[in-house]
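# Per-entry structural report
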Protein chains: 2
Amino acid sequence: MNGNAAPLLHEIAALLDSLARTGEGGSVQLNGLPLLPGDYEALQEALGEGELSAELQALGLTQIRETALHGVWWVTHRNSAHEVMTESIEVTRCPALLQTPAEDVSEAAQRLRERLQAN
Amino acid sequence: MNGNAAPLLHEIAALLDSLARTGEGGSVQLNGLPLLPGDYEALQEALGEGELSAELQALGLTQIRETALHGVWWVTHRNSAHEVMTESIEVTRCPALLQTPAEDVSEAAQRLRERLQAN
């Protein structure tokens with residue numbers, strides 16, 4: 001493996017070790033990195049495709065795909081013209097985008113109560 | 001709202017209150033419940049559609065969709081013949097299906113290290 005894919009994969013391995021040991025992972029921003037031709041494909045091939053994929057439709061489309069390496073997620077955010085705005089690899093047991101913020105739960109409880117009282 | 005949708009929605013509201021207060025939600029299994037004609041649709045209409053949806057491809061397809069009520073997820077598991085096997089509404093900040101099990105993270109770290117050493 002040439003180019004910058006190998007150093008990135010070593011960084012991901014270190015983040016996985018950290019996640020396994022301490023529960024704390026991290027992320028690598030791909031946009032802005034000096035990726036050489038072929039680096040991107042080498043990275044995709046090394047990480048593989050997992051069984052879980054998610055889409056978040058808010059201010060454009062964000063795709064969140066677990067790779068074949070459990071705990072490693074490929075996150076791509078596109079704008080409304082489908083252009084890639086940010087792309088990152090997140091090392092975590094669950095990306096924050098897949099978790100409901102705590103404050104939204106209270107609001108949802110209140111909304112549902114109001115709806116039930118209106119009926 | 002007639003039938004069994006209203007009691008189910010009250011149960012979901014109670015689970016949302018619990019999730020907001022204690023961090024502990026719960027789930028309601030839909031299959032096996034005595035849903036009357038129209039109950040299912042009333043439930044779908046009351047919960048609405050959210051911005052996040054996910055698919056897990058393992059032993060058939062599982063769809064995990066956040067409803068318009070944050071913290072309320074509609075989870076449908078189909079077998080390989082696309083028949084609905086289980087269907088539930090989960091009240092949680094993040095369904096367990098969207099979280100990588102801790103033991104899988106150690107295994108992923110090891111697999112990536114081995115792959116990097118082989119190159």
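Per an unreviewed UniProt entry, chain A carries the name HupH hydrogenase expression protein C-terminal domain-containing protein and comes from Sulfurimicrobium lacus. The UniProt entry for chain A carries this comment under Sequence similarities (unreviewed entry): "Belongs to the HupH/HyaF family."

### Considerations on the interface of chain A and chain B
The interface is formed by 48 residues belonging to chain A together with 48 residues belonging to chain B. Counting the surface lost from both chain A and chain B, the interface buries some 3900 Å², and carbon and sulfur atoms represent 60% of this. When residues of chain A are sorted by the area they lose upon contact with chain B, Arg93, Thr100 and Leu112 of chain A head the list and together hold 15% of the total. Our count for the contact surface shared by chain A and chain B stands at two salt bridges. For the salt bridge of Asp17 of chain A with Arg113 of chain B, the shortest nitrogen-to-oxygen distance reads 2.3 Å. The interface formed by chain A and chain B includes 14 residue pairs in polar contact (both at pLDDT 80 or more). Elements supplying a minimum of two residues to the side of chain A that touches chain B: α1 (5-22), α2 (39-47), β2 (52-57) and α3 (102-118) of chain A.

### What to know about the packing of α3 of chain A against helix α1 (residues 5-22) of chain B
Axis separation between α3 of chain A and α1 of chain B bottoms out at 9 Å; the angle between their running directions is 155 degrees. Relative to α1 of chain B, the element α3 of chain A lies roughly antiparallel. Crossing hand, α3 of chain A versus α1 of chain B: left-handed. Judged by residue contacts, Val105, Ser106, Ala108, Ala109, Leu112, Arg113 and Leu116 of chain A of α3 of chain A engage Ala6, Leu9, His10, Ile12, Ala13, Ala14, Leu16, Asp17, Leu19 and Ala20 of chain B from α1 of chain B.

### A look at the relation of the copies chain A and chain B
In screw terms, the move from chain A to chain B is a rotation of 180 degrees and a rise of 0.0 Å along the axis, fitting with an RMSD of 0.0 Å. Taken together, these values place the two copies in the relation of a two-fold axis. Residues of chain A ranked by C-alpha distance from the rotation axis are headed by Ala54 of chain A, positioned 1.9 Å from it. Of the interface residues in chain A, 100% have counterparts in chain B that sit at the interface too, so the contact is made through matching surfaces.

### A few points about the packing of aromatic side chains
All names here are of chain B. For the coordinates displayed, the defined rule picks out two aromatic pairs over all chains. Seen from their ring centres, Tyr40 and Trp74 are 5.5 Å apart, and the 75 degrees between their planes marks the pair as edge-to-face. Highlighted residues: Tyr40 in helix α2 (residues 39-47) and Trp74 in strand β4 (residues 72-78), separated in sequence by 34 residues. The class of Trp74 is buried, set by a relative accessible area of 6%.

### Overview of the state of the cysteines
With the rule as written, the count across this model stands at zero disulfides over all chains. No disulfide involves Cys94 of chain B; its sulfur sits 3.3 Å from that of Cys94 of chain A, the nearest cysteine.

About the thresholds
Residues numbered from 1 in each chain as written. Chains lettered and ligands numbered in written order. Predicted model: local features only at pLDDT ≥ 70, side-chain atom pairs only at ≥ 80, totals over all residues. Heavy atoms only, no water. UniProt positions renumbered as here; feature names shortened; annotations may be inferred. Contact = heavy atoms within 4.5 Å. Buried area = accessible area lost by both parts, 1.4 Å probe. Salt bridge = Lys/Arg side-chain N within 4 Å of Asp/Glu carboxyl O. Polar contact = N/O pair within 3.5 Å; in protein donor to acceptor, adjacent residues only side chain to side chain. Helix = DSSP H or I, 4+ residues; strand = E, 2+ residues; numbered from the N terminus. Axes fitted to C-alpha atoms, helices over the stretch in contact; angles between N-to-C directions. Parallel < 35°, antiparallel > 145°, perpendicular 65-115°, else oblique. Left-handed = near helix turned anticlockwise from the far one by under 90°. Least-squares fit on C-alpha atoms with pLDDT ≥ 70 in both. Phe/Tyr/Trp six-rings, centres within 6.5 Å; stacked < 30°, edge-to-face > 60°. Buried < 20%, exposed > 50% of the residue type's maximum accessible area, 1.4 Å probe, protein only. Disulfide = S-S within 2.5 Å.

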